[in-house]
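Observations on the model geometry
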Amino acid sequence: MAETTTFTNATQILEPFRGVKKVTLEEYFTSGHRTCQGCESALVMKLMVKAAGPRTIVLGSTGCMYVANTTYYTTPWVVPWMHTQLGSSGSAALGTAAGLKVLMRKGKMKAEPINVIAFCGDGGGADMGLGAISATLTHKEYNSLILLYDNESYANTDIQLSGSTPYGAHTTFSPPGKAVRIIHTRWKKNTAGMLAAGHTECRYVATVCPSYAVEMMNKVRRALTIGGPTFIHSLDPCPKGWDYDPMLSHELGELAIETGIFPLYEVEDGKLTYYGKTKALVEGRPRKPVREYLLKQGRFAHFTEEDLAYFQAKVDEMWQKWEIPAVIPFRRLDAAKAALAMT
Ligand SMILES: Cc1ncc(C[n+]2csc(CCOP(=O)(O)OP(=O)(O)O)c2C)c(N)n1
Ligand code: SF4
Ligand SMILES: [Mg+2]
């Protein structure tokens, strides 16, 4: 018999962890997974659900974080977890949030705020499922968080390039050869910026990196507290796909931020805030050269000085020419004219 309760659309109020010593000890993503040594996406899962707490449902689209986390008869998930189709994290988030809402409204289950988080990889989220995520971000009456864990390839099926793969990277779809050195010539999608700019009623979009764990957890907590549909994009070093020693995972995450390749920011109710070392870059700290990041990874081992210079120039452009540095690429007409005059 269902409990009689009053239905509200309230969210859980998850205050930020004020420093690492204040982080709760309980784990909801534990042993039982088979991800690679040094897998930062597994760390993201652990931090994400630790931040969310026990009254949480996690949904995940196909990819490493599905396959390696649900080997037959084992699972690291302590909270309810469900697999969804590769391009369906948006639909799964929206459907689950709507289902909970209607069950609570009809008194068929206890009315309480339950976090709904749907994760997806870059293949599933930034490419295949982008339409479903976009639709979900327009449904402001349903509380759900979509977390895109970006290991910059379709990793689970052996490292095919995605729209999130960096320029020039060696993947199984873009092997460098003698005749053509750079097979992948497209620049990485600006997914978080695109979703923030295009969904003005979505109240919270943020970027994170597991090298900054407390900040990451606090952004998850903020997204879930604010409610409505929200979106977080995480950059996750992947030892297998990026081809580096697993001991470098943390350092590569830091270098992605310090070189300015991946900015850390949040957009809450239309207001942009830069975070951590990204904030320092905005305030004038010099960016580290991209070569310090790229040359630690086997996927860029074929890069020549010319390739490094091209990559650096593209990152410089993000910081020097974009209307909102490293976030929104538009240029005002007068700024565009001035930029043209300088070239
Ligand atoms: C519709 C569909 N096409 C292809 C596949 C095969 N497939 C399973 S996982 C995967 C890679 C997904 O890449 P991503 O979303 O980036 O997650 P990752 O594996 O990198 O964690 C692919 C192509 C599938 N499951 N469903
Ligand atoms: S291939 Fe990459 S994302 Fe997949 S389990 Fe290994 S390290 Fe993690
Ligand atoms: Mg991927």
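The structure contained in this document is the topic of the report that follows. Remember, predicted model here, so these are calculated numbers, not experimental data.

Across the sheet, eight strands lie side by side as β2-β1-β3-β4-β6-β5-β7-β8; this open sheet has mixed pairing. On the outer flanks of this sheet lie β2 (81-84) and β8 (271-274), each paired with one strand and no other. Along the sheet, successive strands turn relative to each other by an average axial angle of 15 degrees, direction set aside. The sheet contacts of helix α5 (residues 130-137) involve β3 (115-121), β4 (144-150) and β6 (229-235), and relative to β6 the element is tilted by about 140 degrees.

For any pair of aromatic rings, the description rests on two quantities: the centre-to-centre distance and the angle between the ring planes. Applying the stated criterion to the full structure yields 14 aromatic pairs. Joined through ring pairs, the aromatic side chains of F29, Y66, W77, W81, F119 and Y149 make up one cluster. Geometry around Y275 places K219 over its ring, the cationic atom sitting 4.1 Å from the centre. Across from the ring centre of F17, 4.0 Å away, lies the NZ or CZ of R221, which sits over that ring.

Turning next to the state of the cysteines. By the definition in use, this model includes zero disulfides. You can see C202 has no disulfide; the closest cysteine sulfur is in C120, sitting 13 Å from it. Judged by its relative accessible area of 8%, C202 falls in the buried class.

How each quantity is defined
- Residues numbered from 1 in each chain as written.
- Chains lettered and ligands numbered in written order.
- Predicted model: local features only at pLDDT ≥ 70, side-chain atom pairs only at ≥ 80, totals over all residues.
- Heavy atoms only, no water.
- Pairing = 2+ DSSP bridges.
- Helix = DSSP H or I, 4+ residues; strand = E, 2+ residues; numbered from the N terminus.
- Axes fitted to C-alpha atoms, helices over the stretch in contact; angles between N-to-C directions.
- Contact = heavy atoms within 4.5 Å.
- Phe/Tyr/Trp six-rings, centres within 6.5 Å; stacked < 30°, edge-to-face > 60°.
- Lys NZ or Arg CZ within 6 Å of the ring centre and 35° of its normal.
- Disulfide = S-S within 2.5 Å.
- Buried < 20%, exposed > 50% of the residue type's maximum accessible area, 1.4 Å probe, protein only.

Interpretation in functional terms is not warranted from these geometric data alone.
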